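Listed below, chain by chain, are the residues.
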Amino acid sequence: MSRPNGHELRSAETRARLIDAAIEIFGEMGYEAASTRELANKGLVNMSAITYHFCGKRELYLAASEKIGDYAANLVAPLIEQLDKAPKDVLARQLETTAVGFLDIMLDEVTPNSWAMFLARCTAEHDEAFDRIYDRALAPLHRSMVRAAIALSNGTLNEDGVRLRTSSTIAAVISFRLLPGIVLRGMGWKQLQPKQTMQITAMVRELVRNGFLTGWTDANLATSPASAKPMKVRKPPLSART
């Protein structure tokens, strides 16, 4: 296999620089508001370089989404592999580990905030960029968790019920990174410190361990507030009614 020449190396560097610039600019401004001039300036290139390397703004936008999708796919791949290989006797624990592992990925500060902002914007738009990220990383994770939950549910929930609960769990975990203000304000926290992260992790563990993904068991129902007997309401005597 021949080694890349100087031109090919410079071309690859320019593409990479433009993609990094696109993630930051699109994450900050959104697709519609971002101009090719701003993208080129951030990437330290002429505007014509965008057309040369990507054909246009939209193609650069999608290339940026693919970089994020591929990066996320590599992070979740070990979680998926371990869950898919788990035997039935440890499947429940592995499903819990998968959910917590995904939370760890989302809260890891190594991933730049600009990537999170890009994901937040394309998720809100539910556009083709989101599709590419979802198909690469989130869809495989979702399928693996659904398969495990169905295997554990023993018919407690139908497939739609499991898919909805799994989607909701993944969305909730993602929101801790994309929408942190809701939790911070609700809990009266200034920022997520290790203590707060431990609380969130414990909550996710409890959610999965108590059967949210698989359907509440008889034991859960027996102790849950929803299973309590309804309080009898005393009706006023007839003479007191109007």
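Scope of this entry: the structure provided in the associated data block.

Rules behind the numbers
Residues numbered from 1 in each chain as written. Predicted model: local features only at pLDDT ≥ 70, side-chain atom pairs only at ≥ 80, totals over all residues. Heavy atoms only, no water. Helix = DSSP H or I, 4+ residues; strand = E, 2+ residues; numbered from the N terminus. Buried < 20%, exposed > 50% of the residue type's maximum accessible area, 1.4 Å probe, protein only. Contact = heavy atoms within 4.5 Å. Areas by Shrake-Rupley, 256 points an atom, 1.4 Å probe, with all protein chains shown as cover. Core = buried A, V, L, I, M, F, W, Y, C linked by side-chain atoms within 4.5 Å. Phe/Tyr/Trp six-rings, centres within 6.5 Å; stacked < 30°, edge-to-face > 60°. Lys NZ or Arg CZ within 6 Å of the ring centre and 35° of its normal. Salt bridge = Lys/Arg side-chain N within 4 Å of Asp/Glu carboxyl O.

### With respect to the overall build of the protein
Right, so step 1: Secondary structure summary: the protein contains 11 helices and 0 strands in total.
Right, so step 2: Starting at the N terminus and walking to the C terminus, you meet the elements of the protein as α-α-α-α-α-α-α-α-α-α-α.
Right, so step 3: By the burial criterion, 39% of the 242 residues in the protein qualify as buried.
Right, so step 4: Within the protein, counting contacts between residues at least 6 apart in sequence, those at least 24 apart form 70% of the total.
Right, so step 5: For the protein, the exposed surface amounts to about 15,100 Å²; the carbon and sulfur share of it is 55%.

### Digging into the nonpolar core
Right, so step 1: The biggest cluster of nonpolar side chains holds 61 residues, and the ones touching the most others in it are Leu60, Leu95, Phe102, Phe118, Cys122 and Met145.
Right, so step 2: For this core, the element with the most residues is helix α4 (residues 57-85), which contributes 11 residues.
Right, so step 3: Discounting chain neighbours no more than four positions away, the residues touching cysteine 122 are Tyr61, Asp127, Ala129, Phe130 and Ile133.

### Quick look at the packing of aromatic side chains
Remark: the centre distance and the inter-plane angle together describe each pair of aromatic rings, the angle taken between the planes.
Right, so step 1: In total, this model carries 6 aromatic pairs according to the counting rule given.
Right, so step 2: Centre to centre, the rings of tyrosine 61 and phenylalanine 118 are 5.5 Å apart; their planes meet at 45°, and the pair counts as tilted. Taken as a pair, tyrosine 61 in helix α4 and phenylalanine 118 in helix α6 (residues 113-125) lie far apart in primary sequence, 57 residues in all.
Right, so step 3: Since its relative accessible area comes to 4%, tyrosine 61 is described here as buried.
Right, so step 4: Ring geometry for tyrosine 71 versus tryptophan 115: centroids 5.0 Å apart, planes at 70°, classification edge-to-face. Within this pair, whereas tyrosine 71 is found in helix α4, its partner tryptophan 115 is found in helix α6, the two being separated by 44 residues in sequence.
Right, so step 5: Judged by its relative accessible area of 14%, tryptophan 115 is buried.
Right, so step 6: Directly above the aromatic system of tyrosine 31 lies the positively charged group of lysine 57, at a separation of 4.4 Å from the ring centroid.
Right, so step 7: Over the face of the ring belonging to phenylalanine 212 we find arginine 165, whose NZ or CZ atom lies 5.1 Å from the ring centre.

### Side note on the pattern of salt bridges
Right, so step 1: Throughout the structure, instances matching the rule amount to 11 salt bridges.
Right, so step 2: Between arginine 147 and aspartate 84 there is a salt bridge; the shortest N-O distance is 3.2 Å. Pair noted here: arginine 147 is in helix α7 (residues 128-153) and aspartate 84 is in helix α4, with a separation of 63 residues, a long-range link.
Right, so step 3: Residue arginine 147 is classed as partly exposed on the basis of its relative accessible area of 47%.
Right, so step 4: A salt bridge links glutamate 96 to arginine 209; the shortest N-O distance between them is 2.6 Å. Of the two residues, glutamate 96 is situated in helix α5 (residues 88-107) and arginine 209 in helix α10 (residues 194-209); the sequence distance between them amounts to 113 residues.
Right, so step 5: Here glutamate 96 falls in the buried class, since its relative accessible area comes to 3%.
Right, so step 6: With relative accessibility at 54%, the residue arginine 209 sits in the exposed group.

The analysis is restricted to geometry; functional conclusions fall outside its scope.
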